[in-house]
Amino acid sequence: MNYNIAVMPGDGTGSEVVNEGLKVLKAAAARAGFAYELTHYDFGGDRYLRTGETLPDSAITELSGHDAIFLGAIGHPEVKPGILELGILLKARFALDLYVNLRPVKLFPGVETPIKDKGPAEIDFVVVRENTEGLYASTGGFLKKGTPDEIAVQESVNTRKGVERCIRYAFDYAGRPDRRGRLTLVGKTNVLTYAWDLWWRAFNEIGDADYPRIKREYAHVDATCMWFVKNPEWFDVIVTDNMFGDIITDLGAMIQGGMGVAAGGNIHPGRIGMFEPIGGSAPKYTGQNVINPLAAIGAVQMLLDYLGQTEAAGWVESGIIHAVSKMKSLSAGEMGMGTDAVGDLVAEFVIKG
């Protein structure tokens, strides 16, 4: 197999963590025997300040010709918040129709969680978040803006097509051999009666018709936040809308040990996936070789799994666990080794097994 992979290091320490991810990708390819070609793009804060461009339409066309995208982090201290996020991240999600946001929440051995008496056996679930609709569709507007009678309307857009394809992906994921065959719909059916009536009906109709072996459950989003902390072991695969997914995955990142190990994917199944560390660009650490690259390496693990290189993805995950056992801390500047040394640890483990 030969894969075409686009690389967007982004801003701040993005290029540093991406370099370590690519180091691990090279090791995985060498051991597994597949080939790949990289195309590098400089979209981010520096390019925006230089040219005024975020992500031009021509780039969307180019990116769509790749099998996957490896993204570092977006965020520049000299660029107003929102410009790069909307112009690059959200534009890529919508223009490439990356309708699934996939967030594994897995506590690795040796990583501390703030939850008392919980460990890797209890914290191992996946959130499937609808990624192109809901409140993020930016439907709404102002009336009498700037006056005492101002009205602001933000509408949640939920289509049967968008809801169904996300739910189907989640059912399929719950049926994977590495999952436990349980799917939880997380919503707010008792208050948000229109959108969540659609989600509830689609969830049960699809489950009855096509996935009778998957155990279905439902939880309100507020209760889910409590149970993430009290009983995370109750969850296997979760499916939810864009806004709720955004919220609960940040909580998930904290219970799995923080942003230093959290990775995510934005996916159009069968077409293209964009994989990234969840944390920010951390510009204050740029060039110091002190940032933790494990989340970016975890993004490579997800990228490999998406491409069908499941054995290689397993090697990378085992390499991350090995690196954690050698690090003093997951925090920047406190790891006991440099960014490049962490990447070396994982790459060497992947090669040697």
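I will try to describe carefully the structure that is included in this document. Please read all numbers here as calculations on a predicted model, not as lab measurements. (Residues numbered from 1 in each chain as written. Predicted model: local features only at pLDDT ≥ 70, side-chain atom pairs only at ≥ 80, totals over all residues. Heavy atoms only, no water.)

## Brief notes about the layout of surface pockets
Phase 1: Space inside the largest pocket adds up to approximately 590 Å³.
Phase 2: Contributing to the lining of the largest pocket are 32 residues, with Pro-104, Tyr-173, Arg-176, Gln-301 and Glu-317 lying nearest its centre.
Phase 3: Secondary structure elements with two or more residues in the lining of the largest pocket: strand 4 (100-106), strand 5 (124-130), helix 5 (160-174), strand 11 (263-268), helix 9 (294-306) and helix 10 (310-326).
Phase 4: Element by element, the count of residues in the lining of the largest pocket is highest for helix 9, at seven residues.
Phase 5: Broken down by class, the residue content of the lining of the largest pocket amounts to 18 nonpolar, six polar and eight charged.
Phase 6: Taken as a whole, the second largest pocket holds about 510 Å³ of empty space.
Phase 7: Along the wall of the second largest pocket there are 24 residues; nearest its centre are Leu-89, Arg-93, Asp-246, Glu-276 and Ile-278.
Phase 8: Secondary structure elements with two or more residues in the lining of the second largest pocket: strand 3 (68-73), helix 4 (83-95), strand 4, helix 8 (242-255), strand 11 and strand 12 (272-277).
Phase 9: When residues of the lining of the second largest pocket are assigned to their parent elements, the largest contribution, five residues, is made by helix 4. (1 Å grid on protein atoms, 1.4 Å probe; cavity = no way out; pocket = protein on both sides within 12 Å on 5 of 7 lines; lining within 4 Å. Points joined across faces, edges and corners; volume = space filled by probe spheres on them. Helix = DSSP H or I, 4+ residues; strand = E, 2+ residues; numbered from the N terminus. Nonpolar A, V, L, I, M, F, W, Y, C, P; charged D, E, K, R; others polar.)

## Concerning the environment of Gly-72
Phase 1: Residue position: Gly-72 is located in strand 3.
Phase 2: Taking the relative accessible area as the measure of exposure, Gly-72 reaches 0% and is therefore buried.
Phase 3: For the pair Gly-72 and Ala-296, spaced 224 residues apart in the sequence, the C-alpha separation amounts to 7.0 Å.
Phase 4: Sequence-distant contacts of Gly-72, that is, excluding residues within four places in its chain, are made with Met-8, Pro-9, Gly-14, Val-18, Glu-276 and Pro-277. (Buried < 20%, exposed > 50% of the residue type's maximum accessible area, 1.4 Å probe, protein only. Contact = heavy atoms within 4.5 Å.)

## A look at a nonpolar patch on the surface
Phase 1: Residues Leu-143, Ile-151 and Val-153 make up a contiguous nonpolar surface patch of roughly 240 Å² in combined accessible area.
Phase 2: Looking at the secondary structure, you find Leu-143 in strand 6 (residues 134-143). (Patch = residues over 30% accessible without salt bridge, like charges linked within 9 Å, V, L, I, M, F, W, Y side chains within 5 Å. Areas by Shrake-Rupley, 256 points an atom, 1.4 Å probe, with all protein chains shown as cover. Salt bridge = Lys/Arg side-chain N within 4 Å of Asp/Glu carboxyl O.)

## Some remarks on helix 6 (residues 193-210)
Given 3.6 residues per helical turn, the α-helix brings residues three or four places apart onto the same face.
Phase 1: Taking 1.5 Å of rise per residue, the 18 residues of helix 6 would be expected to cover 26 Å, and the 25 Å separating its terminal C-alpha atoms lies within 8% of that figure.
Phase 2: Among the residues of helix 6, Ala-195, Trp-196, Leu-198, Trp-199, Ala-202, Phe-203, Asn-204, Ile-206 and Gly-207 are the ones counted as buried.
Phase 3: Of the surrounding elements, those touching the buried residues of helix 6 are strand 5, helix 5, strand 8 (182-187), strand 9 (215-220), strand 10 (237-240) and helix 8. (Expected span 1.5 Å × (residues − 1).)

## Observations concerning the nonpolar core
Phase 1: By size, the foremost hydrophobic cluster in this structure holds 85 residues, and its most contacted members are Val-239 and Leu-294.
Phase 2: The contact partners of Val-239, leaving out residues within four places of it in the chain, are Val-128, Cys-166, Ile-167, Ala-170, Leu-183, Thr-184, Leu-185, Val-186, Trp-199 and Phe-203.
Phase 3: Formed by 20 residues, the second largest nonpolar core is a distinct cluster that contains Met-8, Ile-74, Ala-92 and Met-274. (Core = buried A, V, L, I, M, F, W, Y, C linked by side-chain atoms within 4.5 Å.)

## Brief notes about the packing of helix 9 against helix 10
Phase 1: Where helix 9 meets helix 10, the axes come as close as 7 Å, and the angle between the chain directions of the two elements is 165 degrees. Relative to helix 10, the element helix 9 is oriented roughly antiparallel. Every pair of crossing elements has a handedness; the one defined by helix 9 and helix 10 is left-handed. Along the contact surface, helix 9 presents Leu-294, Ile-297, Gly-298, Gln-301, Leu-304 and Asp-305, while helix 10 presents Thr-310, Ala-312, Ala-313, Val-316, Glu-317, Ile-320, Ala-323 and Val-324.
Phase 2: Classifying every residue of the contact of helix 9 with helix 10 gives nine nonpolar, three polar and two charged. (Axes fitted to C-alpha atoms, helices over the stretch in contact; angles between N-to-C directions. Parallel < 35°, antiparallel > 145°, perpendicular 65-115°, else oblique. Left-handed = near helix turned anticlockwise from the far one by under 90°.)

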